[in-house]
Amino acid sequence: MSHDKALHTSSSLHDLARKATHSPKLLTKAEIIQLADHVLKGGEHASEFEKEAAKKARHNPEGLEENEIIALGKKTLST
């Protein structure tokens, strides 16, 4: 059962990342934070820009620029 939950979580995260790359303005604060958390978890593979955007999102998700949200989405899709 836990395997099914992990699959669902990863597919919903993938869908969220796609939404971020195509419609970044439509993401909620919680969705932006979820992407930021994912990028920060795998931080050793993220660029400095991606890490900074994720840290900024954790503190002020509403203050993120569109290109920063897109970068978080792209990073999530690439992992």
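Bear in mind that the values here come from a model prediction, so they are computed numbers and not experimental data. (Residues numbered from 1 in each chain as written. Predicted model: local features only at pLDDT ≥ 70, side-chain atom pairs only at ≥ 80, totals over all residues. Heavy atoms only, no water.)

Q: Outline helix 4 (residues 66-78), supporting the account with residue identities and numerical values.
A: Its 13 residues place the ends of helix 4 18 Å apart at the C-alpha level, agreeing with the 18 Å of an ideal helix rising 1.5 Å per residue. Among all positions in helix 4, only Glu68, Ile69, Ala71, Leu72, Gly73, Lys75 and Thr76 are buried. (Helix = DSSP H or I, 4+ residues; strand = E, 2+ residues; numbered from the N terminus. Expected span 1.5 Å × (residues − 1). Buried < 20%, exposed > 50% of the residue type's maximum accessible area, 1.4 Å probe, protein only.)

Q: So what's going on with the side chain of Glu68? Which residues, and what values?
A: Topologically, Glu68 is positioned in helix 4. Look at Glu68 and you get buried, because its relative accessible area is 10%. Ignoring anything within four residues of it in the chain, the contact list for Glu68 reads Phe49, Ala53, Lys56 and Gly63. (Contact = heavy atoms within 4.5 Å.)

Q: Just give me the short version of the nonpolar core, but keep the residues and values in it.
A: In this structure, Leu27, Ile32, Leu35, Ala57, Leu64, Ile69 and Leu72 are the most contacted members of the largest nonpolar core, which totals 16 residues. Of all the secondary structure elements, the ones that give two or more residues to this core are helix 1 (2-22), helix 2 (29-41), helix 3 (48-59) and helix 4. (Core = buried A, V, L, I, M, F, W, Y, C linked by side-chain atoms within 4.5 Å.)

Q: Describe the side chain of Thr76, with residues and values.
A: In this fold, Thr76 is placed in helix 4. Taking relative accessible area as the criterion, Thr76 reaches 6% and is therefore assigned buried. A polar side-chain atom of Thr76 sits 2.9 Å from the main-chain carbonyl oxygen of Leu72. Each residue touching Thr76, except ones within four places of it in the same chain, is listed here: Leu13, Ala17, Leu35, His38 and Val39. (Polar contact = N/O pair within 3.5 Å; in protein donor to acceptor, adjacent residues only side chain to side chain.)

Q: Could you give an account of helix 2, naming the residues involved and the relevant values?
A: The end-to-end C-alpha distance of helix 2 is 18 Å, a good match for the 18 Å that 13 residues give at a rise of 1.5 Å each. Of the positions making up helix 2, those classed as buried are Glu31, Ile32, Leu35, Ala36 and Val39. Angularly, the buried residues of helix 2 cover 140 degrees about the axis, an arc narrow enough to put them on a single face. For helix 2, the exposed residues lying more than 90 degrees away from the buried face are Ala30 and Lys41. (Arc of directions from axis to C-beta.)

Q: Give me the packing of helix 3 against helix 4: which residues, what numbers.
A: Closest axis-to-axis distance for the helix 3/helix 4 pair is 9 Å, and the angle between their directions is 110 degrees. One element, helix 3, and the other, helix 4, form an angle in the roughly perpendicular class. Pair helix 3 / helix 4 crosses with left-handed handedness. Residue-level contacts link Phe49, Glu50, Ala53, Ala54, Lys56 and Ala57 of helix 3 to Asn67, Glu68, Ala71, Leu72 and Lys75 of helix 4. Residue composition of the contact of helix 3 with helix 4, by class: six nonpolar, one polar and four charged. (Axes fitted to C-alpha atoms, helices over the stretch in contact; angles between N-to-C directions. Parallel < 35°, antiparallel > 145°, perpendicular 65-115°, else oblique. Left-handed = near helix turned anticlockwise from the far one by under 90°. Nonpolar A, V, L, I, M, F, W, Y, C, P; charged D, E, K, R; others polar.)

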